[in-house]
Amino acid sequence: MAAAFTKKDYYDRHFIPKAFLEMYFAFHPEKAKGTALLVFGLKKLYKAFNSGGIKGDTLIDIGSGPTIYQFLSACESFREIIASDYTDGNREEMQRWLRKEPGAFDWSPVVKYLCEMEGDREKWIEKEEKVRKAIKRVLKCDVTQPNPLAPLSLPPADCVLCTRCLEAACTDLPTYHSALKNMSSLIKPGGHLVFFAVLESTFYMVGQHRFSNLYVDQKCVEEAVKEAGFDIEWLEGTKFNYPATVFDAKGACVLVARKR
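All values reported here derive from a predicted model rather than from experimental measurement.

Conventions and cut-offs
Residues numbered from 1 in each chain as written. Predicted model: local features only at pLDDT ≥ 70, side-chain atom pairs only at ≥ 80, totals over all residues. Heavy atoms only, no water. Core = buried A, V, L, I, M, F, W, Y, C linked by side-chain atoms within 4.5 Å. Buried < 20%, exposed > 50% of the residue type's maximum accessible area, 1.4 Å probe, protein only. Helix = DSSP H or I, 4+ residues; strand = E, 2+ residues; numbered from the N terminus. Contact = heavy atoms within 4.5 Å. UniProt positions renumbered as here; feature names shortened; annotations may be inferred. 1 Å grid on protein atoms, 1.4 Å probe; cavity = no way out; pocket = protein on both sides within 12 Å on 5 of 7 lines; lining within 4 Å. Pairing = 2+ DSSP bridges. Axes fitted to C-alpha atoms, helices over the stretch in contact; angles between N-to-C directions. Parallel < 35°, antiparallel > 145°, perpendicular 65-115°, else oblique. Left-handed = near helix turned anticlockwise from the far one by under 90°. Nonpolar A, V, L, I, M, F, W, Y, C, P; charged D, E, K, R; others polar.

1. Considerations on the nonpolar core
What tends to happen in soluble globular proteins is that the nonpolar side chains get buried as a cluster. Formed by 56 residues in total, the largest nonpolar core has its most connected members in Phe49, Trp107 and Tyr204. Among the elements that make up this core, the one with the highest residue count is helix 3 (residues 32-50) (eight residues). Phe49 has contacts with Ile54, Leu59, Ser73, Ala74, Ser77, Phe78, Cys159, Leu161 and Val194, leaving out every residue within four places of it along the chain.

Written out as structure tokens, the structure reads:
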């Protein structure tokens, strides 16, 4: 019998941000398999935000988790970034890095890799400061609600970013479709969605705790994005394999879509 889908309160009690970061974001380029998903995300987000078409005043990141890698390219295109996550622990872990607190996760290897991609590995300190300056707020969010940032009501943004969030937040395909429509409500007409999805996964581990993922393939993702009122401008996917006892995903995709 299949395990029940992870409930929201389980995240509050058992999701340990530092363990998640150490498992999936401790960057070792020589250990290609362990960082394949991170490297894919960095490269495709770099492409998305350096194409010239996605820029503006405000970007809202839905389901940021405790991570900042997704902002390394976005901070060059937007004056203001609003980060958000469901769990208090994830938001606090991000704040530790923003405040440069002792014991905060060391993102410098990831930042250096991205800066090397941009052509100057040595500007990594400057890049970190640019990200810190760009992130103006770290808010509570729940993507399953019609307004994911309720009770706040923010002006529509130029872009919404969502990386590796919906598969963990949505218990079934109707909820997944609704979540994309909920995110669309945060975007100006003609604005952009930048979406990073994990494909063909049912679970991932953080420490000794198992967390559910909704199984979606690339076709499911495309259909949900289009149904939410977007035209897909480009989409790129990849295949990979983590150790099956840790994370059973078979692939991922990143897409850029424009709100009709």
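2. Side note on the UniProt feature "binding site: S-adenosyl-L-methionine" (unreviewed entry) in the chain
The UniProt feature table records "binding site: S-adenosyl-L-methionine" (unreviewed entry) at Gly63, Ser64, Tyr69, Asp85, Asn90, Asp142 and Val143. Taking the annotated residues in turn, Gly63, Ser64, Tyr69, Asp85, Asn90, Asp142 and Val143 line the largest pocket. Here Ser64 is to be found in the loop between strand 1 (56-61) and helix 4 (71-74). Ser64 has contacts with Gln70, Phe71, Ala83, Ser84, Asp85 and Met94, leaving out every residue within four places of it along the chain.

3. What to know about the pairing of strand 7 (residues 209-212)
Summarising the sheet, strand 6 (residues 203-206) and strand 7 pair through four bridges and their orientation is antiparallel. Across the sheet, the residue bridging to Tyr204 is Phe211, located in strand 7.

4. Focus on the packing of helix 9 (residues 173-184) against helix 10 (residues 218-227)
Remark: helix 9 packs on helix 10, axes separated minimally by 8 Å, with the N-to-C direction vectors making an angle of 45°. On the basis of the axis angle, helix 9 is oblique to helix 10. Relative to helix 10, helix 9 is oriented so that their crossing is right-handed. Where helix 9 approaches helix 10, its residues Leu173, Tyr176, His177, Leu180 and Lys181 are matched on the opposing element by Cys220, Val221, Glu223, Ala224, Val225 and Glu227.

5. Considering the packing of helix 6 (residues 108-118) against helix 7 (residues 124-134)
Two numbers describe how helix 6 lies on helix 7: the axes approach to 9 Å, and their chain directions differ by 105°. The orientation of helix 6 relative to helix 7 falls into the category roughly perpendicular. From helix 6, Ser108, Val111, Lys112, Leu114, Cys115 and Glu118 reach across to helix 7, where they touch Trp124, Lys127 and Glu128. Here the residues of the contact of helix 6 with helix 7 sort into four nonpolar, one polar and four charged.

6. Description of the environment of Lys44
Secondary-structure assignment places Lys44 in helix 3. Taking the relative accessible area as the measure of exposure, Lys44 reaches 18% and is therefore buried. Distance from Lys44 to Phe78, taken between C-alpha atoms, is 17 Å for residues 34 residues apart in sequence. Excluding residues within four positions of it along the chain, Lys44 makes contact with Trp234, Glu236 and Val254.

7. So, unusual backbone geometry
Omega for the bond connecting Ala150 with Pro151 falls within 30 degrees of zero, at 10°, which places this linkage in the cis form. In this structure, Arg164 is a non-glycine residue whose phi angle is positive, near 55°. Inspection of the secondary structure puts Arg164 in the loop between strand 4 (157-163) and helix 8 (166-169).

8. Re the sheet that holds strand 9 (residues 251-259)
Read across the sheet, seven strands follow the order 3-2-1-4-5-9-8 without closing on themselves; strand pairing throughout is mixed. If you trace the sheet from one side to the other, it starts and ends with strand 3 (135-140) and strand 8 (230-239), each paired once. Going from strand to strand, the sheet's axes swing by 15° on average, the running direction of each strand aside. Bridge count between strand 1 and strand 2 (residues 78-85): four bridges; the pairing is parallel. Across the sheet, residue Ile60 finds its bridge partner in strand 2, namely Ile82. Packed on one face of the sheet, helix 5 (residues 88-98) meets strand 2 and strand 3 and runs near 165° to strand 3.

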